[in-house]
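Observations on chain architecture
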Amino acid sequence: MFKTVPPTPTPSEADLAELFRRWYRYIAPRTRLPETIHVTFYPYVGINNTIRLKDGVLRVKLSDLLADAPASVLEAVAGILLGKLLRKPIPPKCEDVFRDYARSLPVRKAAEHVRRERGYKVVSGEQGEWYDLSPLFDRLNEAYFNGSLTRPMLTWSRARTRRILGHYDATHHAIVISRTLDARTVPPFVVEYVLYHEMLHVKHGVEHIGGRRCVHTPAFQADERDFVDYEPAIHWLKNFADLGPRPRAVKRRKKS
Ligand SMILES: [Zn+2]
């Protein structure tokens, strides 16, 4: 099963103020300390941090993406921000530590999530305009697989393919669902069914029968019929295929 790493506890504002006070003394030992130091987390888009010194008050706003960052990263951020503010050389280690953290996968993922939440459109990924594949996967995994499937990369296709509605890429452990299904007019059970079908490919793997690649074995098909809305989904998809406009972005069919 997929496990998450427990987050580092978020430091208090008093701890953060103390951290900045300590760095201030270190970077500018001969300069008078600001009377007040305010450090807060702020929901910026992406990892932005700001610092301002006015009338003896130092105000620091840190991206809330840093709220569960390791202490070493917050130290580095304090060094960078104060170095810039006070026009002093920034300790090289600070820049390295911060750069490595910002590049690290969980941070980038969180940044992407935050961008989505705050209204930035993403062209691909698991969050579509109408449906989010991530909770659908979790629900189906619990309901039909006892949570046993390893989470693949989930993504909506970039192109609106109508002929291929879903695809499991075993090499990259990725499920791609056609963006045509990410629409208000598509009922949830249809999206779930197509995703469920691809999840069965994860479960069954690729089997070969008589030298031919055949992935829809009888066992696969039996599992498919366990889907609670199997009949309505098949029916809906048949109409969708028959009635829909001809796709433009798919490969030309061979003439026969
Ligand atoms: Zn299939």
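The shown structure was predicted, so the numbers you read here are calculated from the model rather than taken from an experiment.

Moving on to the packing of helix α5 (residues 133–145) against helix α6 (residues 188–204). Interaxial distance between α5 and α6 falls to 10 Å at its minimum, and their mutual angle equals 60 degrees. Judged by the angle between their axes, α5 and α6 are oblique. Classified by chirality, the crossing of α6 by α5 is right-handed. Contacts between α5 and α6 involve Leu133, Leu136, Phe137, Leu140, Tyr144 and Phe145 from the former and Val191, Glu192, Leu195, Tyr196, Met199 and Lys203 from the latter. Residues belonging to the contact of α5 with α6 are distributed by class as follows: 10 nonpolar, no polar and 2 charged.

A few words on the pairing of strand β5 (residues 166–169). Taking every second residue as pointing to the same face, the buried face of β5 carries Gly166 and Tyr168, while none of His167 and Asp169 on the other face is buried. In this structure, β5 lies alongside strand β6 (residues 174–177), joined through 4 bridges in antiparallel fashion. Bridged to aspartate 169 within β6 is alanine 174. Hairpin geometry of β5 and β6 is characterised by an intervening segment of 4 residues between the two adjacent antiparallel strands and by a positive phi of about 45 degrees at histidine 173.

A few words on the packing of helix α1 (residues 13–27) against helix α2 (residues 71–85). Axes are the key here: two packed helices are described by the angle between their axes and the distance separating the axes. Remark: α1 packs on α2, axes separated minimally by 9 Å, with the N-to-C direction vectors making an angle of 50 degrees. In terms of orientation, α1 and α2 fall into the oblique class. Crossing handedness for the pair α1 and α2: right-handed. Taken together, the residues of α2 that come into contact with α1 (itself represented by Leu19, Phe20, Trp23, Tyr24 and Ile27) are Leu74, Glu75, Ala78, Gly79, Leu82 and Gly83.

Turning next to the environment of aspartate 96. Relative to the elements of secondary structure, aspartate 96 occurs in helix α3 (residues 92–103). In this structure, the C-alpha to C-alpha distance between aspartate 96 and valine 73, residues 23 residues apart in sequence, is 9.7 Å.

On to the sheet that holds strand β2 (residues 50–54). Taken together, 3 strands build an open sheet; the order of strands is β1-β3-β2 and the sheet is mixed. Where the open sheet ends on each side, the last strands, each with one partner, are β1 (36–42) and β2. Within the sheet, the average angular offset between the axes of one strand and its neighbour, ignoring direction, is 15 degrees. Where β2 lies against strand β3 (residues 57–63), 5 bridges are found, and the strand directions are antiparallel. Paired with arginine 52 across the two strands is arginine 59, which belongs to β3.

If you check α2, its first and last C-alpha atoms are 21 Å apart, about what 15 residues at 1.5 Å a residue would give, namely 21 Å. For α2, the complete set of buried residues consists of Val73, Leu74, Ala76, Val77, Ala78, Gly79, Ile80, Leu81 and Leu82. For α2, the elements touching its buried residues are α1, β2, β3 and α3. Note on α2: the residue one or two positions beyond its end, arginine 87, has a positive phi of about 55 degrees.

Across the protein, pLDDT averages 81, with 78% of residues at or above 70. Below pLDDT 50 for its whole length, residues 247–256 participates in 9 contacts with residues either more than four positions away or in separate chains.

Attention now moves to the sheet that holds strand β4 (residues 153–156). A sheet is described by the order of its strands in space; here 3 strands give the open sequence β4-β6-β5, paired in mixed fashion. Across the chains shown, the open sheet's two edge strands, defined by having one partner strand only, are β4 and β5. Each strand of the sheet is rotated relative to its neighbour by a mean of 15 degrees, with strand direction disregarded.

Rules behind the numbers
Residues numbered from 1 in each chain as written. Predicted model: local features only at pLDDT ≥ 70, side-chain atom pairs only at ≥ 80, totals over all residues. Axes fitted to C-alpha atoms, helices over the stretch in contact; angles between N-to-C directions. Helix = DSSP H or I, 4+ residues; strand = E, 2+ residues; numbered from the N terminus. Parallel < 35°, antiparallel > 145°, perpendicular 65-115°, else oblique. Left-handed = near helix turned anticlockwise from the far one by under 90°. Contact = placed C-beta atoms within 7 Å. Nonpolar A, V, L, I, M, F, W, Y, C, P; charged D, E, K, R; others polar. Buried ≥ 20, exposed ≤ 12 C-beta atoms within 10 Å, placed from the backbone. Pairing = 2+ DSSP bridges. Expected span 1.5 Å × (residues − 1). pLDDT = per-residue confidence, 0-100.

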